[in-house]
Amino acid sequence: VANTTPAASNSQPKASAPVSLSANSGPQAPGGTVPPTTGITWDQASKDTAVDVAENAMTDFARPAVEDKQWANDLARWLTPQATADYSAVDPSNIPASRVTGTATLSVDETNGFGVMAAVPTNAGTYTVQLLRTGKDAPWKVNRLTPPSS
């Protein structure tokens, strides 16, 4: 039987280059300021599209009477790959909401154009929908739908 355990080593890993630290552990950028935005600036079109995706995803989510495979397939078009995996095992009959009752409202962090939270009112209370995108022209995708606090 072959031994698949790595041999014990007494040597310590060594840095391939000297480590560079700032004086007095301060920031490495002069002035230490954070850039005004993280890669993507917000515009009205981005906000409008995020609202539409949040409302459409919640509309497809809030259908407890739909057969589970159909429900998961319809919802998947709005979801990130991780959310698609997470929600694939959900039984829609356990979802208390059955319809969206108003317009989604965004909680925008103007310094982060990659993500936003949307409050979407339903007949079972207001759900929080987390939306993400990978770039300015990338589609908004839902990462999480959180039910109202009980």
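Heads up: these notes are all about the structure in this document.

Scoring rules and cut-offs
- Residues numbered from 1 in each chain as written.
- Predicted model: local features only at pLDDT ≥ 70, side-chain atom pairs only at ≥ 80, totals over all residues.
- Heavy atoms only, no water.
- Axes fitted to C-alpha atoms, helices over the stretch in contact; angles between N-to-C directions.
- Helix = DSSP H or I, 4+ residues; strand = E, 2+ residues; numbered from the N terminus.
- Parallel < 35°, antiparallel > 145°, perpendicular 65-115°, else oblique.
- Contact = heavy atoms within 4.5 Å.
- Nonpolar A, V, L, I, M, F, W, Y, C, P; charged D, E, K, R; others polar.
- Buried < 20%, exposed > 50% of the residue type's maximum accessible area, 1.4 Å probe, protein only.
- Phe/Tyr/Trp six-rings, centres within 6.5 Å; stacked < 30°, edge-to-face > 60°.
- Lys NZ or Arg CZ within 6 Å of the ring centre and 35° of its normal.
- Pairing = 2+ DSSP bridges.
- Polar contact = N/O pair within 3.5 Å; in protein donor to acceptor, adjacent residues only side chain to side chain.

Where helix α1 (residues 44-61) meets helix α2 (residues 68-76), the closest approach of the two axes is 9 Å, and the angle between their N-to-C directions is 175°. The angle between α1 and α2 falls in the class roughly antiparallel. On α2, the residues that touch Ala 57, Asp 60 and Phe 61 of α1 are Trp 71, Asp 74 and Leu 75. Residues that form the contact of α1 with α2 fall into these classes: 4 nonpolar, no polar and 2 charged.

Within the secondary structure, Pro 139 is located in the loop between β3 (125-132) and β4 (141-146). With a relative accessible area of 54%, Pro 139 lands in the exposed category. Counting along the chain gives 86 residues from Pro 139 to Val 53, while the straight-line C-alpha distance between them is 9.0 Å. What Pro 139 contacts, discounting residues up to four positions off in sequence, is Leu 132 and Arg 133.

All right, on to the packing of aromatic side chains then. Applying the stated criterion to the full structure yields 4 aromatic pairs. Here the aromatic rings of Trp 42 and Trp 140 are separated by 5.5 Å at their centres, their planes lie at 15°, and the arrangement is stacked. In this pair, Trp 42 is assigned in the segment before α1 and Trp 140 in the loop between β3 and β4, connecting sequence segments 98 residues apart. Across the pair, exposure class does not vary: Trp 42 and Trp 140 are buried alike. Aromatic side chains Phe 61 and Tyr 87 sit 6.0 Å apart centroid to centroid with 90° between the ring planes, which places their arrangement in the edge-to-face category. Placement of Phe 61 in helix α1 and of Tyr 87 in helix α3 (residues 81-87) is noted, with a sequence separation of 26 residues between them. Judged by relative accessible area, Tyr 87 falls into the buried class, the value being 7%. Each residue in the set Phe 61, Trp 71, Tyr 87 and Tyr 127 is aromatic and connected to the rest through ring pairs, giving one cluster. Its guanidinium or amino end placed over the ring of Trp 42, Arg 133 lies 5.4 Å from that ring's centre, counting from NZ or CZ.

Sheet topology places strand β2 (residues 115-122) next to β3; 8 bridges connect them, and they run antiparallel. In the strand pairing of β3, Thr 122 is matched with Gly 125. The hairpin formed by β2 and β3 contains 2 residues between the paired strands. When β3 meets β4, the two strands line up antiparallel, connected through 5 bridges. In the sheet register, Thr 128 faces β4, and the bridge partner there is Thr 146.

Here 4 strands make up an open sheet; going across it, the order is β1-β2-β3-β4 and the pairing antiparallel. The open sheet has two edge strands with one neighbour each: β1 (105-107) and β4. Across the sheet, the axes of successive neighbouring strands diverge by a mean angle of 30°, strand direction being ignored. In the packing of α1 onto the sheet, contacts are made with β1, β2, β3 and β4, and the angle to β3 comes to roughly 125°.

Attention now goes to the side chain of Thr 122. Mapped onto the elements of the fold, Thr 122 is located in strand β2. Only 3.0 Å separates the side chain of Thr 122 from the backbone nitrogen of Ala 124, close enough to count as a polar contact. Polar contacts involving the side chain of Thr 122 include one to the main-chain carbonyl oxygen of Gly 125, which spans 2.6 Å. Ignoring sequence-local partners within four residues, the contact set of Thr 122 consists of Met 58, Ala 97, Arg 99, Val 100, Thr 101 and Tyr 127.

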